[in-house]
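# Remarks on the overall topology
What follows is the residue order along each chain.
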Amino acid sequence: MRTHYIHYVLYALLLLHNAIHTEDTNGLKLFYWEDKFRNFGDYISLKLVERIVGGPVSVAQKGVMLKEPKLLAIGSILSFARNTDVIWGSGANGNWLGLEHYKFNTLDVRAVRGPKTRDFLQKNFNICVPAIYGDPALLFPYFFPEFKRASYPRYSHLIIPHYSEQHLFDKEQYENVVYPTEPWDQVIAKILDSALVISSSLHGIIIAEAFGIPARMLRITQKESLFKYEDYYQGTGRPHFKPASSIQEALLLGGEQPYEC
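From a predicted model like this one, the values you see are computed outputs, not experimental measurements.

### Here we look at unusual backbone geometry
Negative phi is the rule for most residues except glycine; trans is the rule for most peptide bonds. The residue threonine 84 is not glycine, and still its phi comes out positive at about 75 degrees. Considering the arrangement of structural elements, one finds threonine 84 in the loop between strand 2 (70–72) and strand 3 (86–90). Of the residues examined, threonine 84 reaches a relative accessible area of 41% and is grouped as partly exposed.

### Examining the sheet that holds strand 3
Spatially, 4 strands are ordered 1-2-3-4 in an open sheet, and the strand pairing comes out parallel. Lying at the two open borders of the sheet, with one neighbouring strand each, are strand 1 (29–31) and strand 4 (108–112). Here the average twist between neighbouring strands, direction ignored, is 20 degrees. As paired elements, strand 1 and strand 2 share 3 bridges and run parallel to each other. Its bridge partner being in strand 2, lysine 29 is matched across the sheet by lysine 70. Contacts from helix 2 (residues 40–53) reach strand 1, strand 2 and strand 3 within the one sheet, and its direction differs from that of strand 1 by about 155 degrees.

### A closer look at the layout of surface pockets
Looking at the largest pocket, its volume works out to about 490 Å³. The wall of the largest pocket is formed by 22 residues, among which Trp33, Asp42, Ser76, Asn93 and Tyr163 lie closest to the centre. Residue assignment for the lining of the largest pocket shows that the elements contributing at least two residues are helix 2 and helix 6 (202–210). Among the residues forming the lining of the largest pocket, the class breakdown is 7 nonpolar, 11 polar and 4 charged. Of the volumes computed, that of the second largest pocket is approximately 250 Å³. Around the second largest pocket, the lining comprises 17 residues; the ones closest to its centre are Val64, Met65, Lys70, Phe80 and Arg82.

### A short note on the environment of proline 136
With respect to the helices, strands and loops of the structure, proline 136 is situated in the loop between helix 3 (115–125) and helix 4 (140–143). When its relative accessible area of 0% is taken as the criterion, proline 136 is described as buried. Residues proline 136 and isoleucine 206 lie 70 residues apart in sequence; the distance between their C-alpha atoms is 9.5 Å.

### Examining empty space enclosed by the protein
Per the counting criterion, the structure on display carries 1 cavity of 30 Å³ or more. If you add up the space inside the largest cavity, you get close to 50 Å³. Lining the largest cavity are Glu165, Ser200, Met217, Leu218, Arg219, Thr221, Glu224 and Tyr229. For the lining of the largest cavity, a count of residues per class yields 3 nonpolar, 2 polar and 3 charged.

### Here we look at the environment of alanine 215
Counting through the fold element by element, alanine 215 comes out in strand 7 (residues 215–217). The spacing of alanine 215 and leucine 158 is 57 residues in sequence and 9.4 Å in space, taken between C-alpha atoms. Setting aside residues no more than four positions away along its own chain, alanine 215 makes contact with Leu196, Val197, Ile205, Ala208, Glu209, Gly255 and Glu256.

### Here's the deal with the pattern of salt bridges
Working definition: two side chains of opposite charge can pair if their charged atoms are close together. In this structure the tally under the stated criterion is 13 salt bridges. Residue lysine 228 pairs with glutamate 224 through a salt bridge whose shortest N-O separation is 2.9 Å. We note that lysine 228, like glutamate 224, is buried.

### Description of the packing of aromatic side chains
One pass over the full model with this rule turns up 18 aromatic pairs. Members of the aromatic cluster, joined through ring pairs, are Tyr102, Phe104, Phe120 and Phe125. One cation-aromatic arrangement involves arginine 51 over phenylalanine 144; the distance from NZ or CZ to the ring centre is 4.1 Å.

### Comments concerning the packing of helix 3 against helix 7 (residues 227–235)
Describing two packed helices takes the angle between their axes plus the distance from one axis to the other. Packing of helix 3 against helix 7 leaves a shortest axis separation of 7 Å and a crossing angle of 110 degrees. In terms of orientation, helix 3 and helix 7 fall into the roughly perpendicular class. Contacts between helix 3 and helix 7 involve Pro115, Lys116 and Thr117 from the first element and Phe227, Glu230, Asp231, Gln234 and Gly235 from the second. Per-class residue counts for the contact of helix 3 with helix 7 are 2 nonpolar, 3 polar and 3 charged.

### Some details on the sheet that holds strand 6 (residues 197–199)
Within a sheet, adjacent strands bond to each other through the backbone by hydrogen bonds, running parallel or antiparallel. With parallel pairing, the 3 strands of this open sheet are ordered in space as 5-6-7. Looking at the sheet topology across the chains shown, the edges are occupied by strand 5 (158–160) and strand 7. On average, adjacent strands in this sheet sit at an angle of 20 degrees to one another, irrespective of strand direction. Sheet topology note: the strand 5/strand 6 ladder contains 3 bridges and is parallel. The residue of strand 6 that forms the bridge with isoleucine 159 is isoleucine 198.

What counts and what doesn't
- Residues numbered from 1 in each chain as written.
- Predicted model: local features only at pLDDT ≥ 70, side-chain atom pairs only at ≥ 80, totals over all residues.
- Heavy atoms only, no water.
- Helix = DSSP H or I, 4+ residues; strand = E, 2+ residues; numbered from the N terminus.
- Buried < 20%, exposed > 50% of the residue type's maximum accessible area, 1.4 Å probe, protein only.
- Pairing = 2+ DSSP bridges.
- Axes fitted to C-alpha atoms, helices over the stretch in contact; angles between N-to-C directions.
- Contact = heavy atoms within 4.5 Å.
- 1 Å grid on protein atoms, 1.4 Å probe; cavity = no way out; pocket = protein on both sides within 12 Å on 5 of 7 lines; lining within 4 Å.
- Points joined across faces, edges and corners; volume = space filled by probe spheres on them.
- Nonpolar A, V, L, I, M, F, W, Y, C, P; charged D, E, K, R; others polar.
- Salt bridge = Lys/Arg side-chain N within 4 Å of Asp/Glu carboxyl O.
- Phe/Tyr/Trp six-rings, centres within 6.5 Å; stacked < 30°, edge-to-face > 60°.
- Lys NZ or Arg CZ within 6 Å of the ring centre and 35° of its normal.
- Parallel < 35°, antiparallel > 145°, perpendicular 65-115°, else oblique.

Limitation: the analysis is restricted to geometry and does not speak to function.
Following this line, the structure appears as structure tokens:
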């Protein structure tokens, strides 16, 4: 995984810093997913790119067609890409693999989340995709040094449900729960104050592992396709990951085997 980190840092510094549209320059606008609510795993795309370029960036709004290309980074957002857009670590959404959802035939791909996304683009669109894998959120420890893993974590374990599963984890019943719809920095702070993260939110897993905190994928419903999880784990060299089907099983299993870095 170290080689992948080097590639990501180079693309971050050489591509993004000079190409992103800021208050003072013209360039790529950033697209990230946001609907009626803000999801931590999508919103951190904006926060990471802002940190890389050192200030506010211009955002491409959902549903607004642009004449110029935009940047897509964190998230399962490839179905929002259009011709000539720049892809830096994005992935396909397993719930939206029908080709009718995709309105492009050419992209500028610098990196993708994992090999499943690469195969999807190459086989269906004949797009050249470099074998450079890894979610950009893995770079958080490098660009956010103020975030530190707790030496003596307050939580023995933290549960982070996918936003579609929040209703299954009432905070009155589960003490160690944080919702991905809570403020992004508060979610990260609680992750860093935990000894184990149990999460059906993909970026709950990714942020935990980026900071060296054991994490276990939780799969208690079939609402989310396994595609993005397989994409991430395969991209980090762990094709044989094991999801837990309950909190109890996750506690017994402990964290997934960490990726090599």
